[in-house]
Amino acid sequence: MVISRKSVFDAKLVSPVRLADGVSDAIAAALFDGRIPPGEPLPPEGEIAKEFGVSKPIAREALRQLTAAGLIFTQQGKVARAKAMSGETMDKIYGYAVRSSLKRLQEANEMRRVIETGIARLAAERRDPEGLEMMEQALKDMNAGVHDPASFTAADILFHLGLATATGNAMIRVQMEGMRTVQREVSELFSRRANRSEADWHETIARHAAICEAIRLGDADRAEQRIRAHFDAADIASLEVADKLEGAEG
């Protein structure tokens, strides 16, 4: 007896795009709206081809596109499985960029400033409990990680991920995950500055605490002001970092 499998795709390819693009778009839609949860297998390649009325090579190309985008993972001889939505692919691209030159690193930090200002406002308006909890934990980790650049950097990354999570917007959280390498590169450079004093470590923590407080109180204007002040301080510190790096390159 043949058991038919209920379709999870909208298999009507109505737009005049390449067939593989249409198949990958339909599968991606099923992944994003939860019809195929993370870890669940996709239908076999042949079944996908039959459902969409395309050849196996077309179905294979669609799965290759989704794998490259980080939406599914495949193993030789096994069916593809859904991955949780994350900024992994974006993070790799930004990582290559910021390690390529000082200019790209400075541009990436400028990008963060523009993006996170808006994130802070929305976080204050929404105050998702999970994000607030992550920021509070990050502040505790920062205090425990003073003088330890690796631990402090990990706490810094957690804080900003919590900031994004506090918006309650999954796409914003993915964007922040995609900037982890940028945050890591900048935070580690600042934490390893030769003249970083005890007061400097605690001033950094205080700026993060001020952002968290504004968000907890639901004050969007203050949250924006405080994250701008945080990036202003980081810009001042970056001048020393830039001089150091340019001196090393020279």
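As the structure is a prediction and not an experimental result, all values here were calculated from the model. Residue indices follow the written sequence of each chain, beginning from 1 at its first position. Local features in this predicted model are restricted to residues of pLDDT 70 or higher, and side-chain atom pairs are both shown and tallied only at a pLDDT of 80 or more, whereas totals for entire chains, interfaces and linings draw on every residue. Water and hydrogen atoms were dropped before computing side-chain values, which therefore reflect all heavy atoms in the structure.

## Topic: the overall build of the protein chain
Applicable threshold: Helix and strand assignments come from DSSP, with helices taken as H or I runs of at least 4 residues and strands as E runs of at least 2, each series counted from the N terminus. Note on definitions: a residue-residue contact is assigned when non-hydrogen atoms from the two residues lie within 4.5 Å.
Secondary structure summary: the protein chain contains 11 helices and two strands in total. Each helix and strand of the protein chain, placed in order from N terminus to C terminus, yields the pattern α-α-α-β-β-α-α-α-α-α-α-α-α. The long-range share in the protein chain, meaning contacts at least 24 apart out of those at least 6 apart in sequence, stands at 73%.

## Some words on the environment of G39
Structurally, G39 is set in the loop between helix 1 (19-32) and helix 2 (45-52). Along the sequence, G39 and I72 sit 33 residues apart, while their C-alpha atoms lie 8.8 Å from each other.

## Examining the environment of M85
The cut-off we apply is this: Note on classification: 1.4 Å probe, protein chains only; a residue is buried when its accessible area is under 20% of the maximum for its type, exposed when over 50%, partly exposed between these limits.
Relative to the elements of secondary structure, M85 occurs in the loop between strand 2 (81-82) and helix 4 (88-100). For M85, a relative accessible area of 32% translates into the label partly exposed. With 15 residues separating them along the chain, M85 and G70 place their C-alpha atoms 8.1 Å apart. The residues touching M85, leaving out its near neighbours within four places in the chain, are F32, A170, M171, V174 and E177.

## Description of helix 3 (residues 56-68)
In plain terms, the rule: By this rule the span expected of a helix is its residue count minus one, scaled by 1.5 Å.
In a regular helix each residue adds 1.5 Å, so 13 residues correspond to 18 Å; helix 3 covers 18 Å between its end C-alpha atoms and thus fits that length. Two residues or fewer past helix 3, G70 is found with a positive phi of approximately 80°.

## Topic: the side chain of H230
Residue position: H230 is located in helix 11 (residues 220-249). The class of H230 is buried, set by a relative accessible area of 8%. Residue contacts for H230: discarding those within four places in its chain leaves H160, R207, H208 and I211.

## Some remarks on the packing of aromatic side chains
The description of two aromatic rings rests on the distance between their centres and on the angle between their planes. Heads up, the condition is: Stacked, tilted and edge-to-face pairs are distinguished by plane angle, under 30 degrees for stacked and over 60 for edge-to-face with tilted covering the rest, among Phe, Tyr and Trp rings (Trp via its six-membered ring) whose centres lie within 6.5 Å.
Throughout the structure, instances matching the rule amount to one aromatic pair. Between F152 and W201, the ring centres sit 5.0 Å apart and the planes meet at 80°, which makes this aromatic pair edge-to-face. Here F152, found in helix 7 (residues 149-165), pairs with W201, found in helix 10 (residues 198-216); they are 49 residues apart in sequence, far enough to count as distant. Using a relative accessible area of 2% as the deciding quantity, one classes F152 as buried. On the accessibility criterion, W201 (3% relative accessible area) is buried.

## Thoughts on a nonpolar patch on the surface
Counted only if it meets this: Exposure above 30% relative accessible area and the lack of any salt bridge qualify a residue for a patch; like charges then connect within 9 Å, and the nonpolar side chains Val, Leu, Ile, Met, Phe, Trp and Tyr within 5 Å. What sets the accessible areas is the Shrake-Rupley method with a 1.4 Å probe; for residues, cover comes only from the shown protein chains. What counts as a salt bridge is simple: a side-chain nitrogen of Lys or Arg found within 4 Å of a carboxyl oxygen of Asp or Glu.
A surface patch of nonpolar side chains, amounting to about 310 Å² of accessible area, comprises F32, M85 and M171. Among the structural elements, F32 can be located in helix 1.

## Details of the packing of helix 7 against helix 8 (residues 170-177)
Here is the rule we go by: The convention used is that axes are lines fitted to C-alpha atoms, helices contributing only their stretch in contact, and that angles between N-to-C directions extend from 0 to 180 degrees. Any angle that falls under 35 degrees is termed roughly parallel, while one over 145 is termed roughly antiparallel, one within 65 to 115 roughly perpendicular, and all others oblique. Crossing handedness follows the turn of the near helix against the far one: under a right angle anticlockwise gives a left-handed crossing, and clockwise gives a right-handed one. The residue classification treats Ala, Val, Leu, Ile, Met, Phe, Trp, Tyr, Cys and Pro as nonpolar and Asp, Glu, Lys and Arg as charged. All others, Gly included, are polar.
Orientation of helix 7 relative to helix 8, taken along the N-to-C sense of each, is 160°, at an axis distance of 8 Å. Here helix 8 runs roughly antiparallel to helix 7, going by the angle between their axes. Helix-helix and strand crossings are classified by hand; for helix 7 and helix 8 the assignment is right-handed. Contacts between helix 7 and helix 8 involve H160, L161, A164 and T165 from the first element and I172, R173, M176 and E177 from the second. Considering only residue class, the contact of helix 7 with helix 8 consists of four nonpolar, two polar and two charged.

## With respect to the confidence of the model for the protein chain
The criterion, for reference: The predictor attaches a confidence to each residue, called pLDDT, with possible values from 0 through 100.
Per-chain confidence: the protein chain averages 86 in pLDDT, with 85% of residues scoring 70 or above. The element-level mean pLDDT for the protein chain is lowest in helix 11, coming to 73, with helix 6 (residues 129-144) highest at 97.

## Observations concerning helix 10
Between the first and last C-alpha of helix 10 there are 27 Å, a value that for 19 residues agrees with the 27 Å anticipated at 1.5 Å per step. Among all positions of helix 10, only D200, W201, T204, I205, H208, A210, I211, C212, A214 and I215 are buried. Positive backbone phi, at 75°, marks G218, one or two positions downstream of helix 10.

## A word on unusual backbone geometry
Backbone geometry follows two general trends: most residues other than glycine have a negative phi, and most peptide bonds adopt the trans configuration. For R127, which is not glycine, the phi dihedral falls at a positive 50°. Note on placement: R127 falls in the loop between helix 5 (102-126) and helix 6. Within the chain, H147 stands out as a residue other than glycine whose phi angle is a positive 75°. Looking at where H147 falls in the secondary structure, it is placed in the loop between helix 6 and helix 7. Residue H147 is classed as partly exposed on the basis of its relative accessible area of 49%.

## Things to note about the pattern of salt bridges
Tallied over the entire structure, the rule returns 18 salt bridges. K92 is paired through a salt bridge with E88; the nearest N and O atoms lie 3.6 Å apart. Taken together, the residues K92 and E88, both in helix 4 and four residues apart, mark about one turn of the helix. Where salt bridges share partners, they join R121, D221, E224 and R228 into one cluster.

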